[in-house]
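Listed below are the residues making up each chain.
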Amino acid sequence: TGPGQCDTANNIAVPIADPDRGDTVVGELVGRYDWRHAMGLVDRIRRSLLTYGLAVDVLVLDRDGAVIGESWRDDLAADVVERLRPAASAIARRLPARARHGFLRSDAADVLVGYDRTEDDSLGWTALVLEPQAEAFAPVRRMQQRLGLVLAVVLLGGLGLATLWAARMSRPLRELTRATQVIARPGAVPALVPVRSRDEIGLLATAFNAMGAALGR
């Protein structure tokens, strides 16, 4: 068989013991399982994940880390497959011994890996699901970009409001400054300053107008 392929059928044998002499084997019960059917099911499951935005690769490995079954993304280049296959074998051999399933990140292969081991330790098979880190973290990056855009809009909006507020606050002071310069000229007729508010600046404008009226008299 070629790389990543298993026999077309798996043979699972169970010895048949002599009921009268338990230590004697009189035969064996052999079950044959169509491996192509099994990998076809894996391929259908992988394709069904596309509807949820998950483009992944699925590999089945034996206890030695050899690939015995695989289902790759349709648009995956052959050189990428040749690179990921040995990387998956290396990942399988480094999995925690007691962990049945879990997740890890492989920077060497640039993938996120989900793994699940068979409950039957005699088989020693492990299923790996690989997703490129660029695609796995794409939603996070999009969220960061959106948050950055929202923050920029908030900052620009706040800066615009602050500028308008500063202009509104400084306008009465500029009017008072000009009116003061007019009064300082000999023989100038003081002009009234608009009272735009009832705060301290408004009180100052009112007092200035009173002073100007008194000087005019």
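Residues numbered from 1 in each chain as written. Predicted model: local features only at pLDDT ≥ 70, side-chain atom pairs only at ≥ 80, totals over all residues. Heavy atoms only, no water.

The next subject is a nonpolar patch on the surface. A surface patch of nonpolar side chains, amounting to about 360 Å² of accessible area, comprises Val14, Ile16, Val26 and Leu29. Contributing elements (two or more residues each) for the nonpolar patch: β1 (9-17) and β2 (25-34). Tracing the backbone shows valine 14 in strand β1. Taking relative accessible area as the criterion, valine 14 reaches 45% and is therefore assigned partly exposed. (Patch = residues over 30% accessible without salt bridge, like charges linked within 9 Å, V, L, I, M, F, W, Y side chains within 5 Å. Areas by Shrake-Rupley, 256 points an atom, 1.4 Å probe, with all protein chains shown as cover. Salt bridge = Lys/Arg side-chain N within 4 Å of Asp/Glu carboxyl O. Helix = DSSP H or I, 4+ residues; strand = E, 2+ residues; numbered from the N terminus. Buried < 20%, exposed > 50% of the residue type's maximum accessible area, 1.4 Å probe, protein only.)

Moving on, we come to helix α2 (residues 78-93). With 16 residues, α2 extends 23 Å between its outermost C-alpha atoms, agreeing within 8% with the 22 Å of an ideal straight helix rising 1.5 Å per residue. Among the residues making up α2, those that are buried are Val81, Leu84, Arg85, Ala88, Ser89, Ile91 and Ala92. The buried residues of α2 occupy an angular sector of 160° when the element is viewed end-on, so they sit on one face. Opposite the buried face of α2, by more than 90 degrees, sit the exposed residues Asp79 and Arg93. (Expected span 1.5 Å × (residues − 1). Arc of directions from axis to C-beta.)

Residue placement: alanine 13 occurs in strand β1. On the basis of relative accessible area, alanine 13 is assigned to the partly exposed category, the value being 44%. Along the backbone, alanine 13 and glycine 31 are 18 residues apart, and their C-alpha atoms lie at a distance of 6.2 Å.

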